[in-house]
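A structural walkthrough
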Amino acid sequence: QVQLVESGGGLVQPGGSLRLSCAVSERLFPPYVMAWYRQAPGKQREQVAALSSGGTSNYLDSVKGRFSISRDNTKNTVDLRMSSLKPDDTAVYYCNAKILPTTTTQAREYWGQGTQVTVSS
């Protein structure tokens, strides 16, 4: 069972920066996609950024140019660097791992417990 543990959330002023980190309990074998989602109160969970095992990344339009997702294979972590934060970025941020199916393995999906990010003056 893969476990994901997020850290790095907190309170930040508008225009500030934060780095979220997701520790993955074991090495993942390709193909997989690591992603960060967020859920604000009263809203649906949305994917903020994703990074495939092949190195392809994509971002929610509203965070392009401000957020960056990266992976450190030696530490087994996936980071989300956030800058120029806005009050609309306030949400619980979740780490997600999707293990994609192959000819010999089934698809699996894992979630972290979430970390709160609050952008407020």
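Residues numbered from 1 in each chain as written. Predicted model: local features only at pLDDT ≥ 70, side-chain atom pairs only at ≥ 80, totals over all residues. Heavy atoms only, no water.

**Side note on the environment of Asp-61**
Tracing the chain through its elements places Asp-61 in the loop between strand 6 (57–59) and strand 7 (67–72). Taking the C-alpha atoms as reference points, Asp-61 and Ala-49, separated by 12 residues in sequence, lie 9.7 Å from one another. One polar contact links Asp-61 to Lys-64, side chain to side chain, over a distance of 3.0 Å. (Helix = DSSP H or I, 4+ residues; strand = E, 2+ residues; numbered from the N terminus. Polar contact = N/O pair within 3.5 Å; in protein donor to acceptor, adjacent residues only side chain to side chain.)

**A few points about the sheet that holds strand 3 (residues 18–24)**
Here we have four strands laid out as an open sheet, ordered 1-3-8-7, and antiparallel in their pairing. Each end of this open sheet is capped by a strand with a single partner; those strands are strand 1 (4–7) and strand 7. This sheet shows a mean twist of 15° between the axes of neighbouring strands, independent of strand direction. (Pairing = 2+ DSSP bridges. Axes fitted to C-alpha atoms, helices over the stretch in contact; angles between N-to-C directions.)

**Some remarks on the layout of surface pockets**
One number sums up the size of the largest pocket: a volume of about 200 Å³. Every residue lining the largest pocket is counted, 14 residues in all, and those nearest its centre are Leu-28, Tyr-32, Arg-71, Asn-73 and Asn-76. A class-by-class count of the residues in the lining of the largest pocket yields six nonpolar, four polar and four charged. Taken as a whole, the second largest pocket encloses approximately 160 Å³ of empty space. Surrounding the second largest pocket, Val-2, Glu-26, Arg-27, Leu-28, Phe-29, Pro-30, Pro-31, Ile-99, Leu-100, Thr-102, Thr-105 and Arg-108 form its lining. Looking at the lining of the second largest pocket, its residues break down into seven nonpolar, two polar and three charged. (1 Å grid on protein atoms, 1.4 Å probe; cavity = no way out; pocket = protein on both sides within 12 Å on 5 of 7 lines; lining within 4 Å. Points joined across faces, edges and corners; volume = space filled by probe spheres on them. Nonpolar A, V, L, I, M, F, W, Y, C, P; charged D, E, K, R; others polar.)

**Quick word on the side chain of Glu-6**
On the secondary structure map, Glu-6 appears in strand 1. In terms of polar contacts, Glu-6 uses its side chain to reach the backbone amide nitrogen of Cys-95, at 2.7 Å. Reaching out from Glu-6, the side chain makes a polar contact with the backbone nitrogen of Gly-114 at a distance of 2.9 Å. Residues within four places of Glu-6 in sequence aside, it is in contact with Ser-21, Cys-22, Trp-36, Tyr-93, Tyr-94, Cys-95, Gly-112, Gln-113, Gly-114 and Thr-115. (Contact = heavy atoms within 4.5 Å.)

Geometric descriptors of this kind do not, in isolation, establish any biological role.
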